[in-house]
Amino acid sequence: MLAVFGHLNPDTDAITAALVYAHLLTRQGVQAQAYRLGELNFETAFVLREAGMQAPALLPELPAGTAVALVDHNESAQSAPNLSELNVTRVVDHHKLGDLTTTQPPYLRFEPVGCTGTILLKLHREAGLEVDVLDARLMLSAILSDTLHFRSPTTTADDQDAVAFLAPVAGIEDVETYALAMFAAKSDLGDTPAETLLRMDYKVFPFGHPGAPQQWGIGVIETTNPAYVFGRQAELLRAMDAVKAEDGLNGVLLSVVDILNGTNRTLVLSATEEKVLREAFGASAGEQVADLGARISRKKQIVPALEEYFNQA
Ligand code: MN
Ligand code: MN
């Protein structure tokens, strides 16, 4: 049985891609089971509830040599803790290639599109397989989530085509209304502890040369209600400070992305982060908040700039 899973701190794409890809592989004669590497966020819980589906099980500790398929990620820092001992046989992803290595020749499908769901739809169509209503719903939701319904600069024509194809199959007539309901669910954070908010959509990235390696934690809160998040700024900064110390990081950033206005204001923990944001983005911080303008994509606008900055440093 092939174990299929997305990244740690899973988002809607990480969860739905595991479900859809496991189902696709099973239909193609490869027995596969979807898993998750963490708790569902509120948006993903909404998507599964609306679809009447169960969340995949939490990934158990897998014995060395177990065959696995990665979706929506490929870097070991974002994956199962013992990834280096596992046998990665397949990857379907839309992120930059990281430190992935395999023991056997793998099936790899990478495309620079806005969402793994877009690639998974192509895999169905290439295999001549019909898309069922639940898979359509899951892929559609993932594309709307990853592209913020086409507001993100990561959006491609393929993502738009996929949504146009999937919406009628999924039985979703008004895509914008559905997307806004997803974003509202994601923004309804209630009394979620600050560290949970920080880690909900959070990834650790290695930067810099081998001689001067850096590990940075970068969290994103995409919300339709940024005022709520900034109302908890002091708590969030304390959580960032604790996570930075616990995980031995060089820096921690938390970007608050206003989905409807397409803007990013990032919490600035210390002089270290302030200097990097100033030198890499020309952003100056006041009141421990830096205005990153319309840079709302961690993958396309934040991480590449930091990579370049630390490579020069
Ligand atoms: Mn993801
Ligand atoms: Mn994704």
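Each residue is numbered by its place in its chain's sequence as written, counting from 1. Starting at A for chains and at 1 for ligands, labels are handed out in the order in which the entities are written. Totals for whole chains, interfaces and linings use every residue, but because this is a predicted model, local features are given only for residues with pLDDT of at least 70 and side-chain atom pairs only at 80 or more, for both listing and counting. The side-chain quantities take in all heavy atoms of the structure and omit both hydrogens and water.

Caption draft 1: Focus on the overall build of the protein. When helices and strands are tallied, the protein shows eleven helices and twelve strands. Computation of the radius of gyration draws on C-alpha atoms alone. For the globule rule, the value is 2.2 Å times the number of residues to the power 0.38. Over its C-alpha atoms the protein spans a radius of gyration of 19 Å, differing by no more than 12% from the 20 Å that the globule rule assigns to 313 residues. Projected onto the principal axes, the alpha-carbon positions of the protein cover approximately 55 × 45 × 35 Å. Taking all 313 residues of the protein together, 55% fall into the buried category. Put simply, 65% of the contacts in the protein that link residues at least 6 apart link residues at least 24 apart. Surface accessibility in these figures is a Shrake-Rupley result with a 1.4 Å probe; residues are shielded only by whichever protein chains are displayed. Split by element, the accessible area of the protein, about 13,200 Å² in all, is 52% carbon and sulfur. Here Asp and Glu are counted as negative and Lys and Arg as positive; His is not counted, and neither are the chain ends. Throughout, a charge is located at the NZ atom of Lys, the CZ atom of Arg, the CG atom of Asp or the CD atom of Glu. Treating the 23 positive side-chain charges of the protein as one cloud and the 40 negative ones as another, the clouds have centres 2 Å apart. Starting at the N terminus, helices and strands are each numbered in turn, a helix being any DSSP run of H or I of at least four residues and a strand any DSSP run of E of at least two. Burial classification: accessible surface area is computed with a 1.4 Å probe over protein chains only, and a residue below 20% of its type maximum counts as buried, one above 50% as exposed, and the rest as partly exposed. Residue contacts are defined here by distance: any two heavy atoms, one from each residue, within 4.5 Å place the two residues in contact.

Caption draft 2: Layout of the domain arrangement of the protein. In terms of domains, the protein is made up of domain 1 (2–185) and domain 2 (194–312). The gap between the C-alpha centroids of domain 1 and domain 2 is 25 Å. Every contact between the two is made by 20 residues of domain 1 and, on the other side, 19 residues of domain 2. Note on terms: buried area is the combined drop in 1.4 Å-probe accessible area of two parts once they are placed together, counting the loss on both. Taken together, the two surfaces of domain 1 and domain 2 that pack against each other cover about 1,700 Å², and 60% of this comes from carbon and sulfur. In terms of surface lost to domain 2, no three residues of domain 1 exceed Asn9, Leu148 and Pro153, which account for 30% of the buried area on that side. Take a side-chain nitrogen of Lys or Arg and a carboxyl oxygen of Asp or Glu: if they are within 4 Å of each other, that pair is a salt bridge. Connecting domain 1 to domain 2 are one salt bridge. The partner of lysine 96 in a salt bridge is glutamate 307, with the nearest N and O atoms 3.3 Å apart. Side-chain atoms alone can form a polar contact between residues adjacent in sequence; in general such a contact is a pair of N or O atoms within 3.5 Å, and within protein one must be able to donate a hydrogen while the other accepts it. The interface formed by domain 1 and domain 2 includes five residue pairs in polar contact (both at pLDDT 80 or more). Take the side of domain 1 that touches domain 2: its biggest share by element is three residues, from helix H6 (residues 175–187). Segment limits for the domains were obtained from an automatic or database-derived domain assignment.

Caption draft 3: Quick peek at the coordination of the manganese ion (ligand 1). Because water is not among the atoms used, a metal site may look incomplete, as its donors are only the N, O and S atoms within 2.8 Å, or 3.2 Å for Na, K and Ca. The coordination sphere of the manganese ion (ligand 1), as far as protein atoms go, consists of His7 (NE2), Asp11 (OD), Asp11 (OD) and Asp72 (OD), spread over 2.1 to 2.7 Å. For the manganese ion (ligand 1), all donor residues lie on one chain, and their spacing in sequence is H-x3-D-x60-D. Taken as an interatomic distance, the gap from the manganese ion (ligand 1) to the manganese ion (ligand 2) is 3.5 Å; aspartate 72 donates to each of them. With aspartate 11 in the loop between strand S1 (2–8) and helix H1 (12–27) and aspartate 72 in the loop between strand S4 (67–71) and strand S5 (87–93), this residue pair connects regions lying 61 residues apart in the sequence. Taken as a pair, aspartate 11 and aspartate 72 share a single burial class, namely buried.

Caption draft 4: Up close: the packing of helix H3 (residues 116–126) against helix H5 (residues 157–170). The convention used is that axes are lines fitted to C-alpha atoms, helices contributing only their stretch in contact, and that angles between N-to-C directions extend from 0 to 180 degrees. Packing of H3 against H5 leaves a shortest axis separation of 9 Å and a crossing angle of 65°. Our pair here, H3 against H5, has a crossing hand that is left-handed. Contacts between H3 and H5 involve Thr118, Leu121, Lys122 and Arg125 on the former and, on the latter, Asp158, Asp159, Ala162, Phe165 and Leu166. Any residue that is not Ala, Val, Leu, Ile, Met, Phe, Trp, Tyr, Cys, Pro, Asp, Glu, Lys or Arg is counted as polar, Gly included; the first ten are nonpolar and the last four charged. Taken together, the residues that form the contact of H3 with H5 break down as four nonpolar, one polar and four charged. By convention, the crossing between two helices is left-handed when the near helix turns anticlockwise from the far helix through less than a right angle, and right-handed when the turn is clockwise.

Caption draft 5: Broad picture of the coordination of the manganese ion (ligand 2). Within the protein, the atoms that donate to the manganese ion (ligand 2) are Asp13 (OD), Asp72 (OD), His94 (NE2) and Asp146 (OD), at distances of 2.1 to 2.2 Å. Spacing between the donor residues of the manganese ion (ligand 2) along the chain follows D-x58-D-x21-H-x51-D. Judged by relative accessible area, aspartate 146 falls into the buried class, the value being 17%.

Caption draft 6: The sheet that holds strand S12 (residues 289–291), seen in detail. Any two strands between which DSSP finds at least two bridges are classified as paired. If you trace the six strands from one edge of the open sheet to the other, you get S7-S8-S9-S10-S12-S11, paired in mixed fashion. Since the sheet does not close on itself, it has two edges, and those belong to strand S7 (202–207) and strand S11 (285–286), each with one partner. The pairing of strand S9 (residues 251–258) with strand S10 (residues 263–268) spans six bridges and is antiparallel. In the strand pairing of S10, leucine 253 is matched with valine 268.

Caption draft 7: Representation of H3 in the model. Within H3, eight of the eleven residues are buried, which leaves the element mostly enclosed by the surrounding structure. Of all the positions in H3, only Thr116, Gly117, Thr118, Ile119, Leu120, Leu121, Leu123 and His124 are classed as buried. For H3, the elements touching its buried residues are H1, S4, S5, strand S6 (107–110), helix H4 (133–146) and H5. A positive phi of about 70° marks glycine 128, the residue just after H3.

Caption draft 8: Broad picture of the nonpolar core. With 50 residues, the main nonpolar core has Val4, Tyr21, Leu120, Leu144 and Leu166 as its most contacted residues. When residues in this core are grouped by element, the largest group, nine residues, is from H1. Counting contributing residues, this core receives three or more from each of domain 1 (2–185) and domain 2 (194–312). Excluding anything up to four places from it in sequence, valine 4 contacts Ala18, Tyr21, Ala22, Leu25, Ala32, Gln33, Ala34, Tyr35, Ala69 and Val71. Buried Ala, Val, Leu, Ile, Met, Phe, Trp, Tyr and Cys residues form a nonpolar core when they are joined through side-chain atoms within 4.5 Å.

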